[in-house]
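# Structural description and commentary
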Amino acid sequence: MAELEEGDISAQLKDYLELKRLCLQIKKDRNPSVIFWIGTCTTEIIKMDLEGIAVDLEKELSIPIIVARANGLDYAFTQGEDTVLSSLVLKTQARPKELGSPPLVLFGSVSDFVAEQLSFELTKLGVEVEGWLPSSKYADLPSLTEGGFVCGINPYLSRTATALMRRKRCKLISAPFPIGPDGTRAWLEKIALAYGKNITGLEVREQEAWDNIKSLVNQVSGKSVFFMGDNLLELSLARFLVSCGMIVYEIGLPYLDVRYQRAELDFLQRVCKKKGILFPKIVEKPDNTNQIERILSLQPDLVITGMAHANPLEARGINTKWSVEFTFSQIHGFANAKDILELILRPIDRKS
């Protein structure tokens, strides 16, 4: 990782020459397969033509350069991944439309272990995964076929989904996200049905996953949780926790792309109906002052929030959990539902 110094953005140096110097240094020190340029607010203000410079430097240095504009206007830090992946889409190779079953590409950053787990579950249903975006290596990026299927695994990748559909003419499989046994089963079903595959056995597979976390589910059942809104995982996590018997007072969201999360919203509605409870209150871009007043009034067992609000709430006797911990934990798939509940129970058990 390298950063431009103050002098480099003060109009005293030529953008092209300075970026070339920096990339040559990176190439010498690291020998990377690809270089990412993350443009901040400053590059926007001084109108640096990063995209134009990247095209010329790529040819001169013989190394791919991907420009991602992280201009500070995002609603959540997780959208940084969305920005990079949507830029990465433009670098993927296009393949002509083929006869037969369209290929499947999954998008979203997870560990190799989780990717293998989810790919294996799909293989058991007769669906082969063509590749993942991003791949472990730049050279292994999947090629994208017009009319091919794509499906996301994270709720904050709406720009990437849009880029895949508009720029590469792929077909998006709209599905709930594979978080929790219920979400994982629904995600697998949607993909399998898109390929006309038999989904027999998924109900048993889901029940096995629920059985494996039964003791944890019993501990969280009846507990209450309040999502202040920080990383755009709130809707999927809330749906899973409702399935576990928790009371969700409020789902705060920094931003809600209804088109991309429609399947998750519908699934939450079905889960609430099945449980015989009211649909939780959803607040987009909430006012934190008003939220804190509601939290102090409701006294939930747990508040899932950003780091800025955690300590003030703890000082008032409210249990908190940093939302960033869910972002960087393995929470996808049948096997990792246990990790979610352990994260939930840790602060509750600490004060019980």
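Our subject is the structure listed above.
Here goes a summary of the coordinates provided. (Residues numbered from 1 in each chain as written. Predicted model: local features only at pLDDT ≥ 70, side-chain atom pairs only at ≥ 80, totals over all residues. Heavy atoms only, no water.)

### Thoughts on the overall build of the protein
Looking only at helices and strands, the protein has 15 helices and 13 strands in total. Against the globule reference of 20 Å for 352 residues, the protein gives a C-alpha radius of gyration of 22 Å, in line with a compact fold. The principal-axis extents of the C-alpha atoms in the protein amount to approximately 60 × 55 × 30 Å. Taking all contacts inside the protein whose residues are at least 6 apart in sequence as the whole, residues at least 24 apart take part in 71%. Computed over 42 positive and 45 negative side-chain charges, the inter-centroid distance for the protein is 4 Å. (Helix = DSSP H or I, 4+ residues; strand = E, 2+ residues; numbered from the N terminus. Rg over C-alpha atoms; globule rule 2.2 N^0.38 Å. Contact = heavy atoms within 4.5 Å. Lys, Arg positive; Asp, Glu negative; His and termini not counted. Charge placed at Lys NZ, Arg CZ, Asp CG, Glu CD.)

### Describing the environment of Asp 349
Considering the arrangement of structural elements, one finds Asp 349 in helix 15 (residues 337-351). In this structure, the C-alpha to C-alpha distance between Asp 349 and Pro 155, residues 194 residues apart in sequence, is 29 Å.

### Topic: the sheet that holds strand 7 (residues 149-152)
If you walk across this open sheet you meet the four strands as 5-4-7-8, and the pairing is parallel. With one partner strand each, in any of the chains shown, strand 5 (131-133) and strand 8 (171-172) form the two edges of the open sheet. Bridge analysis of strand 4 (residues 104-107) against strand 5 gives three bridges, and the strand direction is parallel. Looking at strand 5, one finds that Val 105 is bridged to Gly 131. In the packing of helix 6 (residues 158-167) onto the sheet, contacts are made with strand 4, strand 5, strand 7 and strand 8, and the angle to strand 4 comes to roughly 155°. (Pairing = 2+ DSSP bridges. Axes fitted to C-alpha atoms, helices over the stretch in contact; angles between N-to-C directions.)

### A short note on the nonpolar core
Ranked by internal contacts, the top residues of the largest apolar core, which has 58 residues, are Phe 240, Leu 341 and Ile 344. Residues in contact with Phe 240, not counting those within four places in the same chain, are Ile 179, Gly 180, Pro 181, Asp 182, Trp 210, Ile 213, Ala 337, Ile 340 and Leu 341. In terms of nonpolar packing, the next biggest core, distinct from the first, is built from 23 residues, Leu 122, Cys 151, Ala 192 and Phe 334 among them. (Core = buried A, V, L, I, M, F, W, Y, C linked by side-chain atoms within 4.5 Å. Buried < 20%, exposed > 50% of the residue type's maximum accessible area, 1.4 Å probe, protein only.)

### Here's the deal with the state of the cysteines
In total, this model carries zero disulfides according to the counting rule given. Left without a disulfide partner, Cys 151 is nearest to the cysteine sulfur of Cys 170, which lies 12 Å away. Taking relative accessible area as the criterion, Cys 151 reaches 1% and is therefore assigned buried. (Disulfide = S-S within 2.5 Å.)

Geometry only, nothing functional implied.
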